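# Structure at a glance
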Amino acid sequence: MKRLMIAAFGLSVLMNLQPLSAQQSSTKEKIALLHGAHRVGKRTDATMEKWRGYGLGQFIHWGLYAIPGGAWNGKQYNGAAEWIRSWDGIPKSTYDSLNYSFNPTAFDAKAWAKTAKQMGARYVTFTTKHHDGFCLWPSKYTKYTVKNSPYKKDIVKAVVDAYDQEGIDVILYFSVMDWNHPDWRYDIKTKEDSIAFERFKKFTRNQLIELLTNYPTVKGLWFDGTWDKSWVKQAAFADELETEMRRLRPGLIIGSRFRADENGKRHFDSNGVLMGDYEQGWERKIPSKIEDVHGNDWDCVMTVPENQWGYNAAWNGHLKTGTELIEMTARCVSLGGNFVLNFGPKGDGAIRQEEIKLAEEIGDWMKVNQEAIYNCEYAGFDKQDWGYFTRKTGTDKVYMVVFNVPLSGALRIKTPSKTAIKKAYMLADAEESFVPEEISADEYFLHLKKSTNSKPFVIVLETLKATQDNGTKYEKAKI
Ligand code: FHN
């Protein structure tokens, strides 16, 4: 079987027609791997095509940590609120007992899904279990679940049903690291560790199969807490488990955080090939240029403050504005990725007002401009200072998402060679059109009529293939 996989890998290297990543195309001899990437290049099936076209998503971090909300006995902790159990001075057993107070009376999955829909999110990633180990579904494999809280009901089911209802795809977040489980280890140093971790692996497998069985409509799993040595050493086990999960749910989407290869390489295997269906390393950062993503699928997950995922009552530091988040969305899509904005509902289950407001602001913009975000890809045009180009996937329709209008009111466009601009008009009002001024070879200005837009706006370029470029008209500088 493994030999087959190596052969299939070799064959896919030879046959793959997608642009290969910088690492992949290197002439370095390939290392034979038993537990490396299963594929070179992007997945081309319909589920993944849909994922690629989402554009905008929502992340939800919710669990017991939302109850203290970043403070313990009146003391505010600076780190990420969902990590509070691990901070010095927090008694672990007192934290673990928070399940006895988990009774989120304002929890309304339908209201969450409506907020996401209104924002324009096309998928949600929801924390079934974060590092503290508390399960928001009634897992058969541990007592540390919502079933043994005053709330009792299955929260994962409520979320999956509500988002399904709104037509928003669901991805389940799952932390492999589990602070509550007696068999979890950071590393395996002794025989006892090894015995305990074997039990933990079975537990993890059981929980994942349980999630996929209980919630068959989910589109993927979003793994976290996979960086510790104990898990990194489980290349064979994790590889088999991934295969088992994919067999159970064909089309399942799994990012690059799940497993390491036999040399301990994460995200990219020892040959530099992405492990998983998309790159999951873009957390709170966005690539600057197309080369940074090496031809892979990717998404960026982003917090509103610098680094708070779970509810923190005292957000501080810079809080991203609606316009900044819209710009991040456009930037991600312009580089072929999705943008996923995190929400951290309060302990009672309500979404905080600041997040509702941001969702409204983003949603208002998306209502007018979503065409430039959904089912779009990297446009192949040179980046310009006024904003971002996106392209309706596989078409000649290009969008200019404009954030910074130059004082001159002239927006520069450099087209790829042999590309003519057939039409240019405002997305919000096709009547407002532009006649591009050709200023040089494959270079144009679009002159804005008014420069008083207070919000980012979108201009549509309908392009067509020209038989020759216009370079011959212009004399090159003799330098
Ligand atoms: O430690 C977690 C963190 O709390 C949060 O869940 C983020 C989301 O991407 N993931 C981990 C850090 O990478």
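Residues numbered from 1 in each chain as written. Predicted model: local features only at pLDDT ≥ 70, side-chain atom pairs only at ≥ 80, totals over all residues. Heavy atoms only, no water.

### Things to note about the overall build of the chain
Here is the rule: Put simply, DSSP marks the helices as runs of H or I at least four residues long and the strands as runs of E at least two long, and each gets a number from the N terminus on. Radius of gyration means the value over C-alpha atoms here, while the globule rule gives 2.2 Å times the residue count to the 0.38 power. The rule is simple: take the accessible area with a 1.4 Å probe, protein chains only, and divide by the maximum for that residue type; under 20% is buried, over 50% is exposed, in between is partly exposed. Only heavy atoms matter for contacts: two residues are in contact if any of them lie within 4.5 Å across the pair. Surface accessibility follows the Shrake-Rupley procedure with a 1.4 Å probe radius. Residue values consider only the protein chains on display as shielding. We count Lys and Arg on the positive side and Asp and Glu on the negative side, and we leave His and both chain ends out. For this purpose, a charge sits on NZ of Lys, CZ of Arg, CG of Asp or CD of Glu.
Helices and strands together make up the secondary structure of the chain, namely 10 helices and 18 strands. Against the compact-globule benchmark of 23 Å for 479 residues, the chain has a radius of gyration of 24 Å, which places it among compact chains. Seen through its C-alpha atoms, the chain measures out along the principal axes to roughly 75 × 55 × 40 Å. Out of the 479 residues in the chain, the part that is buried amounts to 53%. Summarising the internal contacts of the chain: among those between residues at least 6 apart in sequence, 71% fall at separations of at least 24. Accessible area for the chain stands at about 21300 Å²; split by element, carbon and sulfur atoms hold 53% of it. Averaging the positions of the 65 positive and the 60 negative side-chain charges in the chain gives two centres separated by 3 Å.

### Here's the deal with the UniProt feature "domain: Glycoside hydrolase family 29 N-terminal" (unreviewed entry) in the chain
Note the following rule: UniProt positions are given in the numbering used here, feature names are shortened, and annotations may be inferred rather than shown by experiment.
Under the feature "domain: Glycoside hydrolase family 29 N-terminal" (unreviewed entry), the UniProt entry names residues 46-371. For the annotated span residues 46-371, helix accounts for 33% and strand for 14% of the residues, and the straight-line distance between the end C-alpha atoms is 20 Å.

### Some points on the sheet that holds strand E9 (residues 298-302)
We count it as follows: Two strands are said to pair when DSSP picks up at least two bridges between them. To get an axis, fit a line to the C-alpha atoms, keeping to the stretch in contact for a helix; angles then go from 0 to 180 degrees between the N-to-C directions.
Within the open sheet, the eight strands sit side by side as E7-E6-E5-E4-E1-E10-E9-E8. Their pairing is parallel. The sheet terminates laterally at strand E7 (253-254) and strand E8 (279-283), the two strands that pair on one side only. Helix-sheet contacts for helix H4 (residues 109-119) involve strand E1 (56-60), strand E4 (123-129) and strand E10 (338-343), and the interaxial angle to E1 is about 150°.

### A short note on the sheet that holds strand E14 (residues 410-414)
Pairing in this open sheet of three strands is antiparallel, and the strands run E14-E17-E16 from one edge to the other. Single-partner strands in this sheet number two, and they are E14 and strand E16 (437-440). Each neighbouring strand pair of the sheet contributes to a mean axis angle of 30°, computed without reference to strand direction. Relative to strand E17 (residues 443-447), E16 is paired through three bridges, and the arrangement is antiparallel. Considered in E17, the bridge of Glu 437 is made with Phe 445.

### A closer look at the site of the ligand
The test is simple: We call a residue near a molecule or strand whenever a single non-hydrogen atom of that residue lies within 4 Å of it. Here a polar contact is recorded for every N or O atom pair within 3.5 Å, except that within protein the pair must consist of a potential hydrogen donor and a potential acceptor, and residues adjacent in sequence are included only if both atoms are side-chain atoms. Under the scheme applied here, ten amino acids are nonpolar (Ala, Val, Leu, Ile, Met, Phe, Trp, Tyr, Cys and Pro), four are charged (Asp, Glu, Lys and Arg), and all others, including Gly, are polar.
In the vicinity of the ligand lie 13 residues, with His 61, Glu 82, His 131, Asp 224 and Glu 283 positioned nearest. Here an oxygen atom of the ligand sits 2.7 Å away from a polar atom, N or O, in the side chain of His 131. With respect to the ligand, the side chain of Tyr 173 contributes an N or O atom lying 3.5 Å from an oxygen atom. A total of 330 Å² of accessible area belongs to the ligand in isolation, and the protein chains cover 90% of it. For the shell around the ligand, the per-class residue count stands at six nonpolar, three polar and four charged.

### Some remarks on the environment of Asp 96
As for its position among the elements, Asp 96 is in helix H3 (residues 92-96). In the structure, Asp 96 is positioned 92 residues away from Ile 188 in sequence and 24 Å away in space, judged by C-alpha atoms. Those residues in contact with Asp 96, other than ones at most four positions away along the chain, are Arg 85, Tyr 144 and Asn 180.

### Some details on unusual backbone geometry
Even without being a glycine, His 294 presents a positive backbone phi close to 50°. Tracing the sequence through the fold places His 294 in the loop between E8 and E9. Positive phi, normally seen in glycine, also occurs at Lys 418, with a value near 60°. Mapped onto the elements, Lys 418 comes out in the loop between E14 and strand E15 (419-426).

### A closer look at the pattern of salt bridges
For clarity, the threshold we go by: Any Lys or Arg side-chain nitrogen located within 4 Å of an Asp or Glu carboxyl oxygen qualifies as a salt bridge.
All chains considered together, the criterion is met by 33 salt bridges. Here Arg 52 ties to Asp 297 by a salt bridge, and the two come within 2.7 Å at their closest N and O atoms. Separated by 245 residues along the polypeptide, Arg 52 in helix H2 (residues 46-52) and Asp 297 in the loop between E8 and E9 bring together distant segments of the chain. Of the two residues, Arg 52 and Asp 297, neither departs from the other in class, the shared state being buried. With a shortest N-O distance of 2.5 Å, Glu 244 and Arg 205 are connected by a salt bridge. Residue Glu 244 is found in helix H8 (residues 235-248), and its partner Arg 205 is found in helix H6 (residues 191-214); the two are separated by 39 residues along the sequence. Within the structure, one salt-bridge network assembled from shared partners comprises Arg 39, Arg 43, Asp 45, Asp 239, Glu 242, Arg 246, Arg 259 and Asp 277.

### Here's the deal with the packing of aromatic side chains
The criterion, for reference: Any pair of Phe, Tyr and Trp rings, taking the six-membered ring for Trp, is counted once the centres come within 6.5 Å. Such a pair is stacked with planes under 30 degrees apart, edge-to-face with planes over 60 apart, and tilted for the rest. Either the NZ atom of lysine or the CZ atom of arginine qualifies as a charge over a ring when it sits within 6 Å of the ring centre and within 35 degrees of the ring normal.
Applying the stated criterion to the full structure yields 31 aromatic pairs. Between Phe 200 and Phe 203 the ring centres are 5.7 Å apart and the planes differ by 50°, which places this aromatic pair in the tilted class. Of the two residues, Phe 200 and Phe 203 both sit in helix H6, three residues apart, roughly one turn of that helix. Judged by relative accessible area, Phe 203 falls into the buried class, the value being 6%. Members of the aromatic cluster, joined through ring pairs, are Trp 62, Phe 102, Phe 107, Trp 112, Phe 126, Phe 134, Tyr 144 and Tyr 151. One Lys or Arg, Arg 352, reaches over the ring of Trp 315 and ends 3.7 Å from the middle of that ring. Positioned above the aromatic ring of Tyr 388, the side-chain terminus of Lys 383 is 4.4 Å from the ring centre.

### Some thoughts on the domain arrangement of the chain
Just so we agree on the cut-off: All domain edges in this entry derive from an automatic or database-based domain assignment. Accessible surface is computed with a 1.4 Å probe, and the buried area is the amount of it that two parts give up when combined, taken over both parts together.
What the domain assignment reports for the chain is domain 1 (46-372) and domain 2 (379-465). One C-alpha centre belongs to domain 1, the other to domain 2; they are set 36 Å apart. Residue-level contacts link 13 residues of domain 1 with 15 residues of domain 2. Together domain 1 and domain 2 conceal approximately 1300 Å² of surface at their shared face, both sides included; 61% is due to carbon and sulfur atoms. When residues of domain 1 are sorted by the area they lose upon contact with domain 2, Trp 365, Glu 371 and Ala 372 head the list and together hold 41% of the total. Counting the contacts that link domain 1 with domain 2 gives two salt bridges.

### Here's the deal with the nonpolar core
Let me state the cut-off plainly: We define a nonpolar core as any set of buried Ala, Val, Leu, Ile, Met, Phe, Trp, Tyr and Cys residues linked to one another through side-chain atoms lying within 4.5 Å.
Ranked by size, the top nonpolar core spans 98 residues in total, and within it Trp 62, Ile 155, Tyr 163 and Met 245 carry the most contacts. Among the elements that line this core, the one with the most residues is H6, at seven residues. The residue makeup of this core includes at least three contributed by each of domain 1 (46-372) and domain 2 (379-465). In this structure, Ile 155 is in contact with Trp 62, Phe 102, Phe 107, Phe 126, Leu 136 and Val 146, ignoring residues within four places of it in sequence. Formed by 19 residues, the second largest nonpolar core is a distinct cluster that contains Phe 389, Val 398, Met 400 and Leu 448.

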